[in-house]
Amino acid sequence: MIELIPAIDIIDGRCVRLTKGDYDRKTVYGDPLEMAIQFEEIGFRRLHMVDLDGAKSKHIVNSDVLRQVTTSTNLIVDFGGGIKTDDDIKTAFDAGASMVTVGSVAVTRPDLFGQWLQRYGADRIILGADVRNGLISINGWKEDSTESLLPFLERYVAMGVKHVLCTEISKDGTLQGPATALYEEVMAAYPHLHLIASGGVSSLDDIRRLDAAGIPAVVFGKAIYEGKINLKELWDWQSESSPA
């Protein structure tokens, strides 16, 4: 059964969504803590939080919002955005993150990423693989690297990475459906990977299709805030579909 992970993206302490990672195409939805509490009340146990200010500034900015969520709820929070240094990753964990998502450092400082993987363990480090035109994008999706997705994953799976968050940037925030074929390609190459699909989810049917394709987990955000997915209906579907 696919793992359901609602998302909260943060700019200026507020819950927002971007379209295709464009900071100029931003919609503000409200208070992150209120959303997190709502997710927990419905029954969700996991939350994906992204510090978009941090991703842009190349250092964590909204650790106070993370701390509010982790001290006010029992949600398992994975946190990303702006984690570039030892101080950044320590800040995230000290603020209550259970896991961190690291993408840019894995491209620009593979030695440092490897150190973190050893120090904190593969269950607490999620490899962020944000893809645009087949290449890994970094620094808040402002830059494209020369790294292709599958060779990039191959290197880190060999190092012990278990969890990968893969976002197809052209789909993100568009409500046009996820890049299911891309995720199927990744799973065919690395069937034991805990792959978290991200970008483009617009409906419960999208999530059903990802589940049928054997994708282990999915992150979704805009579809919630735009009312395209009813959270209770989604939770009820998961409860009914899960093995007794």
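See the structure printed just above.
Calculation criteria
Residues numbered from 1 in each chain as written. Predicted model: local features only at pLDDT ≥ 70, side-chain atom pairs only at ≥ 80, totals over all residues. Heavy atoms only, no water. Core = buried A, V, L, I, M, F, W, Y, C linked by side-chain atoms within 4.5 Å. Buried < 20%, exposed > 50% of the residue type's maximum accessible area, 1.4 Å probe, protein only. Pairing = 2+ DSSP bridges. Helix = DSSP H or I, 4+ residues; strand = E, 2+ residues; numbered from the N terminus. Arc of directions from axis to C-beta. Contact = heavy atoms within 4.5 Å. Polar contact = N/O pair within 3.5 Å; in protein donor to acceptor, adjacent residues only side chain to side chain. Axes fitted to C-alpha atoms, helices over the stretch in contact; angles between N-to-C directions. Left-handed = near helix turned anticlockwise from the far one by under 90°. Nonpolar A, V, L, I, M, F, W, Y, C, P; charged D, E, K, R; others polar. Right-handed = clockwise from strand over helix to strand, strands pointing away. Phe/Tyr/Trp six-rings, centres within 6.5 Å; stacked < 30°, edge-to-face > 60°.

Undergrad: Where do I start with the nonpolar core in this structure?
TA: What tends to happen in soluble globular proteins is that the nonpolar side chains get buried as a cluster. I8, M49, F113, I207 and F220 are the most contacted members of the largest nonpolar core, which totals 71 residues. Judged by nonpolar contacts, the second largest core, of eight residues, contains I5, A7, I126 and L165.

Undergrad: What exactly am I supposed to notice about the pairing of strand 8 (residues 135-138) here?
TA: On a regular strand, each side chain points to the face opposite its neighbour's, so the side chains alternate between the two faces of the sheet. Alignment of strand 7 (residues 125-132) against strand 8, held across two bridges, turns out to be antiparallel. By the bridge assignment, R132 is partnered in strand 8 with L135. Where strand 7 folds back on strand 8, the antiparallel hairpin that results is connected by two residues, among which N133 adopts a positive phi of roughly 55°. Here three bridges tie strand 8 to strand 9 (residues 143-148), and the two strands are oriented antiparallel to one another. When the bridges of strand 9 are listed, L135 appears paired with S148.

Undergrad: How should I be thinking about helix 8 (residues 180-189) in this particular structure?
TA: The α-helix advances 3.6 residues per turn, and as a result positions three or four apart in sequence lie on the same side. Every buried residue belonging to helix 8 is among T180, L182, Y183, V186 and M187, and all of these are buried. The buried residues of helix 8 occupy an angular sector of 160° when projected down its axis, which confines them to one face. Across helix 8 from its buried face, at more than 90 degrees, point the exposed residues A181 and A188. Residues of helix 8 that are buried make contact with helix 7 (149-159), strand 10 (163-168), strand 11 (194-198) and helix 9 (204-212).

Undergrad: Help me understand the side chain of D78 in this model?
TA: Of note, D78 is situated in strand 5 (residues 76-80). Judged by its relative accessible area of 2%, D78 falls in the buried class. Within polar-contact distance, the side chain of D78 engages the side chain of R46 at 3.2 Å.

Undergrad: Please clarify how the packing of helix 1 (residues 32-42) against helix 11 (residues 231-241) should be interpreted in this entry.
TA: For any two helices packed against each other, one specifies the crossing angle of their axes together with the interaxial distance. Orientation of helix 1 relative to helix 11, taken along the N-to-C sense of each, is 35°, at an axis distance of 10 Å. The hand of the helix 1/helix 11 crossing is right-handed. For the pair helix 1 and helix 11, the contacting residues are Q38, F39 and I42 in the first and L231, K232 and W235 in the second. In terms of residue class, the contact of helix 1 with helix 11 is made up of four nonpolar, one polar and one charged.

Undergrad: Would you take a moment to explain the pairing of strand 11 for this structure?
TA: Summarising burial for strand 11: four of the five residues are buried, a large majority. Two strands pair when backbone bridges link them, and strand 10 and strand 11 are joined in this way by five bridges, in the parallel orientation. Each residue of the ladder has a partner; that of C166, found in strand 11, is A197. Handedness of the strand 10-helix 8-strand 11 crossover: right-handed. Direction of pairing for strand 11 relative to strand 12 (residues 217-220): parallel, over a ladder of three bridges. Looking at strand 12, one finds that S198 is bridged to V219. This β-α-β element, strand 11 to helix 9 to strand 12, shows right-handed connectivity.

Undergrad: Just checking my understanding: could you explain the packing of aromatic side chains for this structure?
TA: Pairs of aromatic rings are described using the distance from one ring centre to the other and the angle between the two planes. In this structure the tally under the stated criterion is seven aromatic pairs. With 5.4 Å between their ring centres and 70° between their planes, F152 and Y156 make a pair best called edge-to-face. In this pair, F152 and Y156 both sit in helix 7, four residues apart, roughly one turn of the helix. Of the two residues, F152 and Y156, neither departs from the other in class, the shared state being buried. Through successive ring pairs, a cluster of aromatic residues spans F39, F44, F220 and W235.

Undergrad: Can you help me understand the environment of Q176 in this one?
TA: Here Q176 shows up in the loop between strand 10 and helix 8. Accessibility expressed as a relative area gives 58% for Q176, which makes it exposed. In this structure the C-alpha to C-alpha distance between Q176 and D123, which are 53 residues apart in sequence, comes to 31 Å. Residue contacts for Q176: discarding those within four places in its chain leaves K171 and G200.

Scope: geometric values only; no functional claims are made or implied.
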